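For reference, the chains in residue letters:
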Amino acid sequence: MATTSETPGSSFRLSMLLYDTRYRSLTIQVIFMFLMTIGFWWLVDNTLVNLAQKGKDIGFDFLGARAGYDINQRLVDYTNDSTHARAWIVGLLNTLILAVCACVSATVLGVIAGVLRLSKNWIVSKLMSIYVEIFRNVPLLLWIIVIFAVLTEITPAPNAFRGENATSSMLLFDTVAVTNRGTYLPGPLFERSLGDFDLGIVSVSTNYLVLLLVIIGSVMGYRALQRNATAVQEATGDRPVTWWKSALIIVAPMLIALIAMGFHLEYPELKGFNFTGGSYLRNSFIAMWLALTLYTGAFIAENVRAGILAISKGQSEAAFALGLRPNRTMNLVILPQALRVIIPPLISQYLNITKNTSLAIAVGYMDLRATLGGITLNQTGRELECMLLMMMTYLIISLIISGVMNIYNNSVKLKER
Amino acid sequence: MKKTVFVGAMTAAATLIAGAASATVLEDVKARGELNCGVSTGVNGFSAPDSAGEWQGFDVAVCRAVAAAVLGDPKKVKFVTTTGQTRFTALASGEIDMLARNTTWTMSRDADLKFTFTGVNYYDGQGFMVNKALGVSSAKELDGATVCIQTGTTTELNLADYFKANNMTYEPVPIETNAEAQQQYLAGACDVYTTDASGLAATRATFADPENHAVLPEIISKEPLGPLVAHGDDQWADIVRWTMNALVAAEELGITSANIEELSKGTANPEIDRMLGSSDDDLGAMIGLDKQWAKRAISAGGNYGEIFAANIGESTPIGLARGLNALWTQGGLQYSPPFR
């Protein structure tokens with residue numbers, strides 16, 4: 001009788017928090033949260049107290065002040081009269097363009113190397129093994145510095161192109177100059193430019209916007225044409241001849257737009273100390289791009305190889321039994337299935353590339369780390385603020401990349417119905 | 001029982017936080033038995049390790065003099081290499097006690113970055129070095145040139161100002177250290193290398209063919225270089241400041257490393273006696289040191305003139321003239337307030 005008269009609620013004792021499995025995990029979590037909060041609070045408080053002791057405050061006013069320094073590679077307008085915030089944007093864009101270029105080229109290289117490493121040709125597969133093992137087992141920073149040093153030391157200075165008996169000459173009918181400062185390429189110019197399109201912070205060239213729209217239109221037209229041809233084929237059994245129509249749809253609008261805007265190429269020319277005119281790829285950019293491509297390409301190659309090996313041999317045997325050639329087997333059967341395995345690690349490689357661009361200071365490439373985290377930090381002495389801003393920027397970029405890639409991953413992964 | 005442990009841990013943590021309130025820099029240095037001195041990553045004549053791995057140079061001598069004054073031994077210095085980018089963070093965080101790394105005294109560094117400059121050990125200005133083959137004789141002809149600069153320095157800002165004022169353009173190549181700049185410049189990846197004129201002379205002295213490189217006549221800025229300490233400990237700032245002053249005053253008063261023992265026995269000049277601690281005045285006590293501090297500082301590497309001559313003077317490969325850095329009595333700017 002005595003045992004049943006007690007209700008469960010009144011029998012609760014404090015020690016049950018520890019000894020009763022119903023409450024124990026909750027207790028541990030609460031204590032852990034409490035300690036975490038205290039630890040975090042201690043860090044923040046300590047920082048603030050120490051800063052206050054040194055007479056420093058935390059503030060972001062410096063972003064509006066005049067930067068006073070110059071940046072060599074600018075994708076948007078920037079002079080030394082611009083603000084530190086603007087320098088931040090210039091650095092951010094330099095980081096992004098490097099990351100995008102490196103992601104694209106590393107993917108292409110990685111896929112090719114990964115597939116070739118599985119080749120039945122002994123020399124090809126061994127060559128690819130050597131490439132992968134060399135590049136992924138030496139630190140990236142060393143590759144960056146080595147490539148930069150090689151570019152600087154073996155290519156001629158602009159001076160070598162000068163005079164009657166120049167020791168160097170430009171390549172490809174005098175249109176490309178490879179120097180130890182960078183590579184000068186012909187650059188696009190528009191005689192009847194449509195001007196710029198101001199977006200507040202950055203201004204976008206309307207010319208390129210128009211070209212982009214034309215390309216999108218052409219692609220959509222081409223797709224419609226193909227769909228139409230397929231429909232006709234399904235109805236009549238004969239596929240209409242479309243090659244000249246598709247060529248016309250793709251090339252003609254582009255040509256018309258280019259001619260309308262007066263497109264022509266501007267060739268680099270040796271003037272004064274340097275080549276002027278055309279487009280200029282600095283060696284710092286090329287070194288970063290090459291190093292990131294080769295290094296990350298090796299990792300992606302391994303991802304691709306793993307993805308392909310994950311597809312059971314029965315799949316390719318079945319494809320061969322159906323009479324598909326090895327090329328088509330790879331493209332139509334293996335790779336689409338392998339993508340499911342390849343994409344998730346590929347996301348982290350893209351994130352790695354983006355974060356590794358911060359090594360750019362080693363070769364003086366003016367990325368986010370060199371502008372906001374380098375010169376701005378140094379000239380203003382706002383270490384904490386600059387570091388926080390930089391961390392935030394990289395975090396946001398990375399989250400966007402993984403977000404977008406996850407959407408893509410969802411679209412290619414095996415649909416279970 | 002568990003509760004007690006927890007409370008105990010909290011108390012310990014609280015004590016730790018309270019204990020973080022620091023002692024003075026002087027006490028820290030004495031307790032450590034070593035002075036942490038920030039120097040460059042290697043500028044010949046100013047701060048660079050010699051073939052035996054010993055740090056030598058004009059800025060290094062300041063560190064050694066301070067170590068001699070405070071710890072009694074000029075060798076008790078730990079040299080911490082800093083780049084143009086890392087130096088201020090290192091000083092502000094207390095990783096180094098003082099910075100002697102040809103650093104320009106500017107208002108923003110003094111007031112906004114919260115540092116105390118303890119004097120000027122070298123009056124300098126920013127110059128340009130070019131290869132003579134370019135045929136450039138003036139900085140005004142540098143329109144369109146590619147210029148190597150060390151990032152995070154005042155030279156970066158001066159350069160931007162100078163080219164803007166003269167309506168010229170340039171392509172900056174940011175470089176992290178002097179050694180990298182040298183490599184880039186010699187490979188021809190930049191036409192011009194710009195930094196303080198003393199640094200240019202020091203860099204040129206290490207070239208295989210110094211005669212083929214010219215420093216252009218234009219000096220585009222004032223660069224008073226000197227050691228600095230963090231705000232917040234005036235006593236420490238005083239120690240570094242008066243150690244430097246002692247070196248300059250020693251040259252003015254004719255105290256050299258050769259005759260200092262002789263002079264410290266007592267002279268007819270009361271100021272020498274006060275400085276060397278051979279009279280009853282105890283100047284050292286005012287800055288928390290003993291009576292012999294200045295004597296030890298001067299003995300470490302000689303007076304200002306001796307340090308200059310040994311490291312960067314005309315008889316060295318760097319070959320800098322005293323110029324602005326002569327004593328005020330000889331038409332220069334080096335001047336020490338009186339010791340009394």
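What counts and what doesn't
The residue numbering used here restarts from 1 in each chain and proceeds along that chain's sequence as written. As a convention, the first chain written is A and the first ligand written is 1, with the rest following in written order. The predicted origin of the model limits local features to residues at a pLDDT of at least 70 and limits the giving and counting of side-chain atom pairs to 80 or more, whereas totals for whole chains, interfaces and linings rest on all residues. Each helix is a run of DSSP H or I of at least 4 residues and each strand a run of E of at least 2, with the numbering of both proceeding from the N terminus. Within these notes, the globule rule equals 2.2 Å times the number of residues to the 0.38 power, and the radius of gyration is based on C-alpha atoms. A pair of residues counts as a contact when their C-beta atoms, built from backbone coordinates, are within 7 Å of each other. Put plainly, a residue is buried at 20 or more neighbouring C-beta atoms within 10 Å of its own, exposed at 12 or fewer, and partly exposed in between, counting only other residues' C-beta atoms, which are placed from the backbone. Gly is put with the polar residues, along with every residue not named as nonpolar or charged; the nonpolar set is Ala, Val, Leu, Ile, Met, Phe, Trp, Tyr, Cys and Pro, and the charged set is Asp, Glu, Lys and Arg. Where each domain starts and ends follows an automatic or database-derived domain assignment. Core membership is restricted to buried Ala, Val, Leu, Ile, Met, Phe, Trp, Tyr and Cys residues, and these are joined into a nonpolar core through C-beta atoms within 7 Å. Only strands that DSSP links by at least two bridges are regarded as paired with each other. Axis definition: a line fitted to C-alpha atoms, over the contacting stretch in the case of helices. Angles run 0 to 180 degrees between N-to-C directions. Orientation categories follow fixed angle ranges, with anything under 35 degrees roughly parallel, anything over 145 roughly antiparallel, 65 to 115 roughly perpendicular, and all other angles oblique. Working rule for handedness: look at the near helix, and if it is turned counterclockwise from the far one by less than a right angle, call the crossing left-handed; if clockwise, right-handed. Expected span of a helix: the number of residues minus one, times 1.5 Å. A residue's pLDDT is simply how confident the predictor is in it, with values from 0 to 100. Consider a residue and the seven residues that end there alongside the seven that start there; fitting an axis to each set, the bend is the angle between those axes.

1. What to know about the overall build of chain B
For chain B, the count of helices and strands is 14 helices and 14 strands. Taken over C-alpha atoms, the radius of gyration comes to 22 Å for chain B, in line with the 20 Å a tight globule of 340 residues would show. Considering only contacts within chain B whose residues lie at least 6 apart along the sequence, 74% involve residues at least 24 apart.

2. Concerning the overall build of chain A
A count of helical and extended segments in chain A gives 13 helices and nine strands. Taking 417 residues into account, the globule formula puts the C-alpha radius of gyration at 22 Å, and chain A, at 29 Å, lies well above it. Judged by the C-alpha coordinates and their principal axes, chain A covers about 110 × 75 × 45 Å. A total of 417 residues make up chain A; the buried ones form 28% of that total. For chain A, the share of sequence-separated contacts (at least 6 apart) that also reach a separation of at least 24 residues comes to 64%.

3. Examining the interface of chain A and chain B
With 26 residues of chain A in contact, the opposing surface of chain B contributes 30 residues. Contributions of two or more residues to the side of chain A that touches chain B are made by α6 (140-154) and α12 (368-380) of chain A. Per-class residue counts for the side of chain A that touches chain B are seven nonpolar, 13 polar and six charged.

4. Some remarks on the domain arrangement of chain B
Residue and element names in this part refer to chain B. Under the domain assignment used here, chain B contains domain 1 (25-123 + 225-330) and domain 2 (126-221). Here domain 1 and domain 2 have C-alpha centroids that lie 29 Å from each other. Each partner contributes to the interface: domain 1 provides 20 residues, whereas domain 2 provides 16 residues. Partitioned by chemical class, the residues of the side of domain 1 that touches domain 2 number eight nonpolar, 12 polar and no charged.

5. Considerations on the domain arrangement of chain A
Domain parsing of chain A yields domain 1 (21-50) and domain 2 (187-266). Distance from the C-alpha centre of domain 1 of chain A to the C-alpha centre of domain 2 of chain A: 59 Å.

6. Concerning the nonpolar core
Nonpolar side chains in soluble globular proteins generally cluster together in the buried interior. Counting residues in hydrophobic clusters, the biggest one holds 153 residues, and the most contacted among them are M288 of chain A together with V66 of chain B. Two domains share this core, each providing at least three of its residues, namely domain 1 (25-123 + 225-330) and domain 2 (126-221) of chain B. When residues no more than four places from it in sequence are discounted, the contact partners of V66 of chain B are L35, M98, I239, V240 and T243 of chain B. Formed by five residues, the second largest nonpolar core is a distinct cluster that contains A177, V178, F275 and Y280 of chain A.

7. A look at unusual backbone geometry
Residue and element names in this part refer to chain B. The phi dihedral of K114 is positive, around 65°, even though this residue is not glycine. By secondary structure assignment, the location of K114 is in the loop between α5 (107-112) and β6 (115-117). Given 17 C-beta atoms within 10 Å, K114 falls into the partly exposed group.

8. Digging into the sheet that holds strand β11 (residues 192-196) of chain B
Residue and element names in this part refer to chain B. Ordered by their spatial adjacency, five strands build an open sheet running β10-β9-β11-β8-β12, and the pairing between neighbours is mixed. Here the strands that pair on one side only, and so sit at the sheet edges, are β10 (170-175) and β12 (213-215). Averaged over all neighbouring strand pairs, the angle between strand axes comes to 30°, with direction disregarded. Bridge analysis of strand β9 (residues 145-150) against β10 gives six bridges, and the strand direction is parallel. Its bridge partner being in β10, A145 is matched across the sheet by Y170. Along the sheet, helix α7 (residues 178-186) contacts β9, β10 and β11; its crossing angle with β9, the most-contacted strand, is approximately 160°.

9. Thoughts on the packing of helix α7 (residues 206-236) of chain A against helix α8 (residues 243-260) of chain A
Residue and element names in this part refer to chain A. Packing of α7 against α8 leaves a shortest axis separation of 9 Å and a crossing angle of 165°. With respect to α8, the axis of α7 lies roughly antiparallel. Crossing of α7 against α8: the hand is right-handed. Mapping the contact onto sequence places V210, L211, V214, I215, G217, S218, G221, Y222 and L225 in α7 and K245, S246, I249, I250, P253, M254 and A257 in α8. Looking at side-chain class alone, the contact of α7 with α8 contains 11 nonpolar, four polar and one charged residues.

10. Looking at helix α9 (residues 234-253) of chain B
A turn of α-helix holds 3.6 residues, and therefore any two residues three or four places apart point the same way. Here α9 of chain B contains 20 residues, and its C-alpha end-to-end distance of 27 Å stays within 8% of the 28 Å for a straight helix at 1.5 Å per residue. Of all 20 residues in α9 of chain B, 15 are buried, a share of seventy percent or more.

11. Examining the sheet that holds strand β9 (residues 279-282) of chain A
All names here are of chain A. The strand order across the open sheet formed by three strands is β1-β2-β9, and the pairing between neighbours is antiparallel. Of all the strands in the sheet, just β1 (177-178) and β9 have a single pairing partner and so form its edges. The pairing of β1 with strand β2 (residues 182-185) spans two bridges and is classified as antiparallel. Its bridge partner lying in β2, A177 is registered against Y184. On the sheet, helix α9 (residues 283-310) packs against β2 and β9 and is oriented at approximately 60° with respect to β9.

12. Here we look at the environment of Y280 of chain A
Residues and elements named next belong to chain A. Take Y280: it is sitting in strand β9. Between the C-alpha atom of Y280 and that of R223, which follows or precedes it by 57 residues, the distance is 36 Å. When neighbours within four sequence positions are excluded, Y280 is seen to be in contact with G182 and Y184.

13. Some points on the confidence of the model for chain B
Residue and element names in this part refer to chain B. The predicted model of chain B averages 87 in pLDDT, with 94% of residues at 70 or higher. With pLDDT under 50 throughout, residues 1-6 is counted as low confidence; its partners more than four residues away or in other chains account for zero contacts. Below pLDDT 50 for its whole length, residues 10-21 participates in zero contacts with residues either more than four positions away or in separate chains. Interface confidence for the predicted complex, given as ipTM, is 0.74, next to a pTM of 0.78.

14. A short note on the packing of helix α3 (residues 58-71) of chain B against α9 of chain B
Residue and element names in this part refer to chain B. It is at 10 Å that the axes of α3 and α9 come closest, and there the two elements cross at 110°. The pairing of α3 with α9 is recorded here as roughly perpendicular in orientation. Taken together, the residues of α9 that come into contact with α3 (itself represented by V62, A65, V66, A69 and V70) are I239, V240, T243, M244 and L247. Residue classes in the contact of α3 with α9 are distributed as nine nonpolar, one polar and no charged.

15. As for the confidence of the model for chain A
This prediction gives chain A a mean pLDDT of 86; 95% of its residues lie at or above 70. Considering each helix and strand of chain A separately, the mean pLDDT is smallest for helix α1 (residues 2-5) of chain A, with a value of 50, and largest for helix α5 (residues 122-136) of chain A, with 94.

16. Quick look at α9 of chain A
All names here are of chain A. With 28 residues, α9 extends 40 Å between its outermost C-alpha atoms, agreeing within 8% with the 40 Å of an ideal straight helix rising 1.5 Å per residue. Residue G297 marks the point of greatest curvature in α9, where the axis turns by about 25°. With 22 of its 28 residues buried, α9 lies for the most part within the structure.

17. Observations concerning the pairing of β2 of chain A
All names here are of chain A. Taking the residues between adjacent antiparallel strands as the criterion, β1 and β2 are bridged by three residues. Of the pairings in the sheet, the one linking β2 to β9 comprises four bridges and is antiparallel in character. Across the sheet, Y184 pairs through a bridge with Y280, a residue of β9.

18. Focus: the environment of A252 of chain A
Residues and elements named next belong to chain A. Considering the arrangement of structural elements, one finds A252 in helix α8. Residue class for A252 comes out exposed when judged on the 12 C-beta atoms lying within 10 Å of it. Considered as a pair, A252 and L109 are 143 residues apart in the sequence and their alpha carbons are 32 Å apart.

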